[in-house]
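These are the residues of each chain, in order.
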Amino acid sequence: EAAVTQSPRSKVAVTGGKVTLSCHQTNNHDYMYWYRQDTGHGLRLIHYSYVADSTEKGDIPDGYKASRPSQENFSLILELASLSQTAVYFCASSDQNSGNTLYFGEGSRLIVV
Amino acid sequence: GDSVTQTEGQVALSEEDFLTIHCNYSASGYPALFWYVQYPGEGPQFLFRASRDKEKGSSRGFEATYDKGTTSFHLRKASVQESDSAVYYCALGERGSNAKLTFGKGTKLSVKS
(Lines give C-alpha, C1' and ligand atoms only; values in the text may rest on other atoms or scores of the structure.)
Protein backbone atom coordinates (compact mmCIF):
# COMPACT_ATOMS: atom_id res chain seq x y z
CA GLU A 1 0.00 0.00 0.00
CA ALA A 2 1.59 3.24 -1.25
CA ALA A 3 2.25 5.75 1.52
CA VAL A 4 2.28 8.76 -0.82
CA THR A 5 -0.46 8.81 -3.42
CA GLN A 6 -0.95 11.40 -6.13
CA SER A 7 -3.95 12.23 -8.26
CA PRO A 8 -4.51 12.46 -11.08
CA ARG A 9 -1.71 10.28 -12.40
CA SER A 10 -2.06 11.82 -15.81
CA LYS A 11 -3.82 14.90 -17.12
CA VAL A 12 -4.15 16.92 -20.29
CA ALA A 13 -4.98 20.57 -19.63
CA VAL A 14 -5.77 23.51 -21.85
CA THR A 15 -3.54 26.59 -21.84
CA GLY A 16 -4.99 29.15 -19.44
CA GLY A 17 -7.01 26.60 -17.55
CA LYS A 18 -6.75 25.76 -13.86
CA VAL A 19 -5.06 22.54 -12.76
CA THR A 20 -4.96 21.04 -9.28
CA LEU A 21 -2.64 18.16 -8.44
CA SER A 22 -3.37 16.42 -5.17
CA CYS A 23 -1.15 14.47 -2.81
CA HIS A 24 -2.08 12.34 0.20
CA GLN A 25 0.37 10.70 2.60
CA THR A 26 -0.16 8.12 5.31
CA ASN A 27 3.39 8.30 6.68
CA ASN A 28 2.41 10.72 9.46
CA HIS A 29 5.20 12.99 8.23
CA ASP A 30 5.35 16.69 8.98
CA TYR A 31 7.09 17.77 5.77
CA MET A 32 5.67 17.60 2.28
CA TYR A 33 7.08 18.73 -1.03
CA TRP A 34 6.24 19.24 -4.69
CA TYR A 35 9.02 18.64 -7.20
CA ARG A 36 8.98 19.05 -10.95
CA GLN A 37 10.90 16.67 -13.22
CA ASP A 38 12.06 17.65 -16.69
CA THR A 39 14.57 15.99 -18.96
CA GLY A 40 17.86 17.79 -18.56
CA HIS A 41 16.84 19.51 -15.33
CA GLY A 42 16.35 16.65 -12.93
CA LEU A 43 14.14 17.35 -9.92
CA ARG A 44 13.43 20.93 -8.94
CA LEU A 45 11.58 22.03 -5.80
CA ILE A 46 8.43 24.10 -6.39
CA HIS A 47 6.80 24.42 -2.96
CA TYR A 48 7.08 22.69 0.36
CA SER A 49 5.42 22.68 3.76
CA TYR A 50 6.61 21.97 7.28
CA VAL A 51 3.19 22.06 8.93
CA ALA A 52 -0.49 22.18 8.04
CA ASP A 53 -1.84 25.57 6.94
CA SER A 54 1.61 26.82 6.02
CA THR A 55 3.57 26.62 2.76
CA GLU A 56 6.97 27.83 1.62
CA LYS A 57 8.37 28.72 -1.78
CA GLY A 58 10.95 26.43 -3.25
CA ASP A 59 13.40 27.13 -6.04
CA ILE A 60 10.91 27.53 -8.92
CA PRO A 61 7.59 28.75 -7.43
CA ASP A 62 6.52 31.13 -10.20
CA GLY A 63 3.22 30.11 -11.76
CA TYR A 64 2.37 27.70 -8.94
CA LYS A 65 0.49 27.89 -5.66
CA ALA A 66 0.35 25.30 -2.91
CA SER A 67 -2.14 24.41 -0.21
CA ARG A 68 -1.68 22.26 2.91
CA PRO A 69 -5.11 21.96 4.57
CA SER A 70 -4.05 19.05 6.80
CA GLN A 71 -0.96 17.05 7.71
CA GLU A 72 -1.92 14.37 5.20
CA ASN A 73 -2.82 16.50 2.18
CA PHE A 74 -0.80 18.85 0.00
CA SER A 75 -2.02 20.29 -3.30
CA LEU A 76 -0.26 22.05 -6.15
CA ILE A 77 -2.34 24.57 -8.06
CA LEU A 78 -1.70 25.99 -11.48
CA GLU A 79 -4.12 28.92 -11.80
CA LEU A 80 -3.30 29.62 -15.45
CA ALA A 81 -1.62 26.61 -17.00
CA SER A 82 1.02 27.30 -19.63
CA LEU A 83 2.81 25.14 -22.18
CA SER A 84 6.05 25.46 -20.19
CA GLN A 85 4.41 23.67 -17.26
CA THR A 86 4.22 20.41 -19.16
CA ALA A 87 6.23 18.04 -16.95
CA VAL A 88 6.03 15.21 -14.45
CA TYR A 89 5.25 16.34 -10.91
CA PHE A 90 6.28 14.42 -7.81
CA CYS A 91 5.00 14.80 -4.30
CA ALA A 92 7.12 13.64 -1.38
CA SER A 93 7.01 13.52 2.41
CA SER A 94 9.64 13.31 5.13
CA ASP A 95 10.28 13.91 8.80
CA GLN A 96 13.24 14.14 11.14
CA ASN A 97 12.63 10.66 12.56
CA SER A 98 13.47 9.21 9.15
CA GLY A 99 16.63 11.31 8.80
CA ASN A 100 14.67 13.52 6.44
CA THR A 101 14.69 10.81 3.82
CA LEU A 102 12.14 11.76 1.15
CA TYR A 103 9.39 9.30 0.25
CA PHE A 104 8.02 10.03 -3.19
CA GLY A 105 4.72 9.33 -4.86
CA GLU A 106 4.53 7.79 -8.32
CA GLY A 107 4.20 11.10 -10.11
CA SER A 108 1.58 13.03 -12.07
CA ARG A 109 2.20 13.56 -15.75
CA LEU A 110 0.78 16.88 -16.91
CA ILE A 111 0.52 17.86 -20.56
CA VAL A 112 -0.60 21.39 -21.34
CA VAL A 113 -1.87 21.94 -24.88
CA GLY B 1 23.09 28.80 -3.44
CA ASP B 2 23.73 25.13 -2.91
CA SER B 3 24.13 23.01 -6.00
CA VAL B 4 24.87 19.47 -7.16
CA THR B 5 26.63 18.55 -10.40
CA GLN B 6 26.42 15.11 -11.97
CA THR B 7 28.93 14.87 -14.77
CA GLU B 8 27.37 12.07 -16.78
CA GLY B 9 23.94 12.45 -18.29
CA GLN B 10 23.89 8.89 -19.57
CA VAL B 11 26.01 5.81 -18.93
CA ALA B 12 25.83 2.60 -20.97
CA LEU B 13 27.43 -0.57 -19.57
CA SER B 14 27.36 -4.32 -19.94
CA GLU B 15 26.52 -6.67 -17.09
CA GLU B 16 29.38 -7.18 -14.61
CA ASP B 17 31.01 -3.88 -15.58
CA PHE B 18 32.21 -1.48 -12.91
CA LEU B 19 30.08 1.62 -12.44
CA THR B 20 31.10 5.12 -11.43
CA ILE B 21 28.74 8.09 -11.52
CA HIS B 22 30.38 11.34 -10.52
CA CYS B 23 28.74 13.77 -8.13
CA ASN B 24 30.22 17.04 -6.93
CA TYR B 25 28.53 19.54 -4.68
CA SER B 26 28.80 23.19 -3.77
CA ALA B 27 27.70 24.17 -0.27
CA SER B 28 29.18 25.51 2.92
CA GLY B 29 29.65 23.39 6.00
CA TYR B 30 28.77 19.71 6.02
CA PRO B 31 25.48 19.11 4.22
CA ALA B 32 24.08 15.62 4.21
CA LEU B 33 24.55 13.90 0.86
CA PHE B 34 22.16 11.41 -0.70
CA TRP B 35 21.74 9.05 -3.63
CA TYR B 36 18.28 8.28 -4.98
CA VAL B 37 17.30 5.82 -7.72
CA GLN B 38 14.30 6.05 -10.04
CA TYR B 39 13.06 3.04 -11.99
CA PRO B 40 10.88 3.55 -15.08
CA GLY B 41 7.34 4.59 -14.22
CA GLU B 42 8.09 5.06 -10.53
CA GLY B 43 8.99 7.86 -8.18
CA PRO B 44 12.56 8.27 -6.92
CA GLN B 45 13.48 6.14 -3.94
CA PHE B 46 16.13 6.60 -1.29
CA LEU B 47 19.31 4.58 -1.80
CA PHE B 48 21.57 5.82 1.02
CA ARG B 49 23.04 8.91 2.68
CA ALA B 50 26.20 10.16 4.39
CA SER B 51 26.54 13.10 6.76
CA ARG B 52 30.22 13.43 7.70
CA ASP B 53 33.55 13.64 5.94
CA LYS B 54 34.92 10.16 5.07
CA GLU B 55 31.60 8.49 5.94
CA LYS B 56 30.61 5.75 3.50
CA GLY B 57 27.03 5.12 2.58
CA SER B 58 25.97 1.88 0.92
CA SER B 59 22.98 -0.14 -0.17
CA ARG B 60 22.21 -2.93 -2.67
CA GLY B 61 25.88 -3.16 -3.68
CA PHE B 62 26.16 0.56 -4.37
CA GLU B 63 28.43 2.76 -2.29
CA ALA B 64 29.74 6.31 -2.05
CA THR B 65 32.16 8.07 0.28
CA TYR B 66 31.68 11.65 1.50
CA ASP B 67 34.80 13.61 0.56
CA LYS B 68 34.87 17.15 1.92
CA GLY B 69 38.25 17.87 0.36
CA THR B 70 37.10 17.26 -3.20
CA THR B 71 33.40 18.07 -2.45
CA SER B 72 32.41 14.77 -4.00
CA PHE B 73 30.10 11.82 -3.36
CA HIS B 74 30.69 9.51 -6.34
CA LEU B 75 28.45 6.46 -6.74
CA ARG B 76 30.19 3.15 -7.43
CA LYS B 77 29.21 -0.46 -7.93
CA ALA B 78 31.64 -3.26 -8.65
CA SER B 79 29.43 -5.36 -10.92
CA VAL B 80 26.24 -3.97 -12.43
CA GLN B 81 23.22 -6.03 -13.47
CA GLU B 82 20.54 -5.35 -16.06
CA SER B 83 18.12 -4.71 -13.19
CA ASP B 84 20.24 -1.70 -12.13
CA SER B 85 19.09 0.18 -15.23
CA ALA B 86 17.50 3.35 -13.85
CA VAL B 87 18.08 7.06 -13.32
CA TYR B 88 20.33 7.92 -10.39
CA TYR B 89 20.15 11.24 -8.58
CA CYS B 90 22.69 12.77 -6.24
CA ALA B 91 21.27 15.27 -3.72
CA LEU B 92 22.30 17.43 -0.81
CA GLY B 93 20.29 18.42 2.24
CA GLU B 94 19.64 21.91 3.51
CA ARG B 95 21.99 22.86 6.31
CA GLY B 96 20.47 22.64 9.75
CA SER B 97 17.42 20.57 8.97
CA ASN B 98 18.11 18.49 5.89
CA ALA B 99 14.43 18.93 5.20
CA LYS B 100 14.94 20.38 1.73
CA LEU B 101 16.92 18.44 -0.83
CA THR B 102 18.66 19.92 -3.86
CA PHE B 103 19.01 17.33 -6.62
CA GLY B 104 21.45 16.96 -9.47
CA LYS B 105 20.16 16.54 -13.01
CA GLY B 106 20.31 12.77 -12.85
CA THR B 107 22.28 10.08 -14.67
CA LYS B 108 20.51 7.48 -16.77
CA LEU B 109 22.18 4.09 -16.45
CA SER B 110 21.51 1.48 -19.12
CA VAL B 111 22.90 -2.01 -18.59
CA LYS B 112 22.73 -4.62 -21.34
CA SER B 113 22.98 -8.33 -20.77
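Data block above holds the structure.
My aim in this report is to walk through the structure given alongside it, one point at a time.

Looking at the overall build of chain B
Next up, step 1: In terms of helices and strands, chain B carries zero helices and twelve strands.
Next up, step 2: Going residue by residue from the N terminus, the α and β elements of chain B occur as β-β-β-β-β-β-β-β-β-β-β-β.
Next up, step 3: Here the C-alpha atoms of chain B give a radius of gyration of 13 Å, agreeing with the 13 Å that 2.2 N^0.38 yields for 113 residues.
Next up, step 4: Dimensions of chain B, computed from the C-alpha atoms along their principal axes, are close to 45 × 30 × 20 Å.
Next up, step 5: Counting every position in chain B, which comprises 113 residues, the buried fraction comes to 48%.
Next up, step 6: Taking the intrachain contacts of chain B between residues at least 6 apart in sequence as the baseline, contacts between residues at least 24 apart amount to 54%.
Next up, step 7: A distance of 6 Å separates the average location of the 13 positive side-chain charges in chain B from that of its 13 negative side-chain charges.

Some points on the sheet that holds strand β7 (residues 65-67) of chain A
Residue and element names in this part refer to chain A.
Next up, step 1: Judged by pairing direction, the sheet is antiparallel, and its four strands sit side by side in the order β1-β3-β8-β7 without closing on themselves. Each edge of the open sheet carries a strand with a single partner, namely β1 (4-7) and β7. Neighbour to neighbour, the strand axes of the sheet diverge by 20° on average, direction disregarded.
Next up, step 2: Direction of pairing for β1 relative to strand β3 (residues 19-25): antiparallel, over a ladder of four bridges. Opposite Ser7, over in β3, you have Ser22 as the bridge partner.

Notes on the sheet that holds strand β8 (residues 62-65) of chain B
All names here are of chain B.
Next up, step 1: Spatially, the four strands line up as an open sheet ordered β3-β9-β8-β7, and their pairing is antiparallel. Bordering the open sheet on either side are β3 (19-21) and β7 (56-59), each of which pairs with just one other strand. Ignoring strand direction, the axes of neighbouring strands in this sheet form an average angle of 20°.
Next up, step 2: Bridging between β3 and strand β9 (residues 75-77) involves three bridges; their strand directions are antiparallel. Residue pairing for β9: Thr20 is matched across the bridge by Arg76.

What to know about the state of the cysteines
Residue and element names in this part refer to chain A.
Next up, step 1: In this structure the tally under the stated criterion is two disulfides over all chains.
Next up, step 2: Each sulfur of the disulfide joining Cys23 and Cys91 lies 1.9 Å from the other. The disulfide joining Cys23 to Cys91 has a torsion of about -80° about its S-S bond and is therefore left-handed. With Cys23 in strand β3 and Cys91 in strand β9 (residues 87-94), the pair connects residues that are 68 residues apart, well separated along the chain. Here Cys23 and Cys91 have matching classes, each one buried.

About the thresholds
- Residues numbered from 1 in each chain as written.
- Chains lettered and ligands numbered in written order.
- Predicted model: local features only at pLDDT ≥ 70, side-chain atom pairs only at ≥ 80, totals over all residues.
- Heavy atoms only, no water.
- Helix = DSSP H or I, 4+ residues; strand = E, 2+ residues; numbered from the N terminus.
- Rg over C-alpha atoms; globule rule 2.2 N^0.38 Å.
- Buried < 20%, exposed > 50% of the residue type's maximum accessible area, 1.4 Å probe, protein only.
- Contact = heavy atoms within 4.5 Å.
- Lys, Arg positive; Asp, Glu negative; His and termini not counted.
- Charge placed at Lys NZ, Arg CZ, Asp CG, Glu CD.
- Pairing = 2+ DSSP bridges.
- Axes fitted to C-alpha atoms, helices over the stretch in contact; angles between N-to-C directions.
- Disulfide = S-S within 2.5 Å.

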